[in-house]
Amino acid sequence: EDKVVQSPLSLVVHEGDTVTLNCSYEVTNFRSLLWYKQEKKAPTFLFMLTSSGIEKKSGRLSSILDKKELFSILNITATQTGDSAIYLCAVLTGTASKLTFGTGTRLQVTL
Amino acid sequence: DVKVTQSSRYLVKRTGEKVFLECVQDMDHENMFWYRQDPGLGLRLIYFSYDVKMKEKGDIPEGYSVSREKKERFSLILESASTNQTSMYLCASSFWGDNEKLFFGSGTQLSVL
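Here's what I pulled together on the structure shown here. (Residues numbered from 1 in each chain as written. Chains lettered and ligands numbered in written order. Predicted model: local features only at pLDDT ≥ 70, side-chain atom pairs only at ≥ 80, totals over all residues. Heavy atoms only, no water.)

**Looking at the overall build of chain B**
Using the following cut-off: The helix count covers DSSP runs of H or I at least four residues long, the strand count covers runs of E at least two residues long, and both are numbered beginning at the N terminus. Radius of gyration here uses only the C-alpha atoms, and the compact-globule reference equals 2.2 Å multiplied by the residue count raised to the power 0.38. For every residue, the accessible area obtained with a 1.4 Å probe (protein chains only) is divided by the maximum for its type, and the residue is called buried under 20%, exposed over 50%, and partly exposed between those limits.
Summing up its helical and strand segments, chain B has zero helices and twelve strands in all. For chain B, the succession of helices and strands along the chain, N to C, is β-β-β-β-β-β-β-β-β-β-β-β. Rg of the C-alpha trace for chain B: 13 Å, near the compact-globule value of 13 Å for 113 residues, within the 12% margin. Based on the C-alpha atoms only, the size of chain B along its principal axes is roughly 40 × 25 × 25 Å. When the 113 residues of chain B are sorted by exposure, 50% land in the buried category.

Below, the structure is given as structure tokens:
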């Protein structure tokens, strides 16, 4: 059974802090790993990672994948209150295009 | 922008009722998905569809069925709602061949009393 584990489950930081969110996986026939941000209801796409060691970056957010150790991290620098959300990690496997999600990390950024 | 629209944001039903959750996408996506999201369990796939009139079971299909009569519309049906189906239901869609990038609807919070 495919498994995706995120840590920590929740996190409270002060505005300006840097945070690192973790995602590890045990799956069959890995294709790619995706990060989503869920603020109110609809998760929105952040990154898709397919190759090891190549950092994807968007503003203050960045992510990298390690296919040997089977994990990914999502970094957020200089956090803002608008970064408060649930961050979801998902792994795409096999030919059936199935996405397996982790339970998410709830991030709260306080003033 | 891709738009995935779910018909209701909040829904309250009684045990045993038949419940329809509707989802419409406006980008001609081939793939459509239904997930439920529960605290501590994350998003779990209920059913998905790659084409009109086609459906595949996800990880937790028991107690649910789906219908896809038109490409843009994917319906989730609870034949006889039960309290353990109280959850947030999220619909998603994607293109065939680029199906990693799921686009989600805003979700329907269903409460079964």
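**Comments concerning the pattern of salt bridges**
Convention followed: Basic side-chain nitrogens of Lys or Arg form a salt bridge, by our definition, when they fall within 4 Å of a carboxyl oxygen of Asp or Glu.
For the structure shown, the criterion picks out eight salt bridges over all chains. The salt bridge partner of A:Arg60 is A:Asp83, with a shortest N-O separation of 2.8 Å. In this pair, A:Arg60 sits in the loop between strand S6 (56-58) and strand S7 (61-66) while A:Asp83 sits in the loop between strand S8 (71-76) and strand S9 (85-93), placing the two residues 23 residues apart along the sequence. The class for A:Arg60 is partly exposed, based on a relative accessible area of 25%. Here B:Asp28 and B:Lys71 are joined by a salt bridge, their closest N and O atoms 3.1 Å apart.

**Comments concerning the pairing of strand S11 (residues 105-110) of chain A**
Across a regular strand the side chains alternate sides, sitting on one face of the sheet and then on the other. Residue and element names in this part refer to chain A. Using the following cut-off: Whether two strands pair comes down to DSSP finding at least two bridges between them.
Side-chain alternation along S11 places Thr105, Leu107 and Val109 on a buried face and Arg106, Gln108 and Thr110 on a face that remains uncovered. Sheet topology note: the strand S2 (residues 10-14)/S11 ladder contains five bridges and is parallel. If you follow Leu11 over to S11, its bridge partner there is Leu107. Bridge analysis of S9 against S11 gives three bridges, and the strand direction is antiparallel. Residue Ala85 lies in a different strand from S11, and its bridge partner there is Leu107.

**As for unusual backbone geometry**
A negative phi angle is the norm for most residues apart from glycine, just as the trans form is the norm for most peptide bonds. Cis peptide bonds are those with omega within 30 degrees of zero, and the linkage from A:Ser7 to A:Pro8 qualifies with -10°. Its location among the elements puts A:Pro8 in the loop between strand S1 (3-7) and S2. At B:Asp28, a position not held by glycine, the phi torsion is positive, near 60°. By the secondary structure assignment, B:Asp28 is in the loop between strand S4 (23-25) and strand S5 (31-38). In this structure, B:Lys53 takes a positive phi of about 65° despite not being glycine. Within the secondary structure, B:Lys53 is located in the loop between strand S6 (42-49) and strand S7 (56-57). For B:Lys53, a relative accessible area of 61% puts it in the exposed group.

**Side note on the packing of aromatic side chains**
The geometry of an aromatic ring pair is captured by the separation of the ring centres together with the interplanar angle, meaning the angle of the planes. Basically, it comes down to this: Only Phe, Tyr and Trp rings are paired, with Trp represented by its six-membered ring, and only when their centres lie within 6.5 Å; those with planes under 30 degrees apart are stacked, over 60 edge-to-face, the remainder tilted.
One pass over the structure, following the stated rule, counts eleven aromatic pairs over all chains. Between A:Tyr36 and A:Phe45 the ring centres are 5.8 Å apart and the planes differ by 80°, which places this aromatic pair in the edge-to-face class. With a relative accessible area of 30%, A:Phe45 lands in the partly exposed category. Consider the rings of A:Tyr36 and A:Phe101, whose centres lie 6.1 Å apart with planes at 45°: the pair is tilted. A residue pair is termed long-range when its members are at least 10 positions apart, and A:Tyr36 in strand S4 (residues 30-38) and A:Phe101 in strand S10 (residues 98-101) qualify at 65 residues. One aromatic cluster is present, formed by A:Tyr36, A:Phe45, A:Phe101, B:Phe33, B:Tyr35, B:Phe48, B:Tyr50 and B:Phe104 through successive ring pairs.

**Concerning the state of the cysteines**
Which entries qualify depends on this criterion: Throughout, a disulfide means two cysteine sulfur atoms within 2.5 Å of one another.
The final tally for this structure, using the stated rule, is two disulfides over all chains. Covalent S-S linkage joins A:Cys23 and A:Cys89, the inter-sulfur distance amounting to 1.9 Å. Measuring handedness by torsion sign, the sulfur bridge of A:Cys23 and A:Cys89 sits at about -65° and is left-handed. Placement of the pair is A:Cys23 in strand S3 (residues 19-26) and A:Cys89 in strand S9, with a sequence separation of 66 residues. Grouping residues by exposure puts A:Cys23 and A:Cys89 together as buried. Between B:Cys23 and B:Cys91 runs a disulfide, and the two sulfur atoms are separated by 1.9 Å. Between B:Cys23 and B:Cys91, the S-S torsion sits near -75°, and that sign places the bridge as left-handed. With B:Cys23 in strand S4 and B:Cys91 in strand S10 (residues 87-94), this residue pair connects regions lying 68 residues apart in the sequence. Across the pair, exposure class does not vary: B:Cys23 and B:Cys91 are buried alike.

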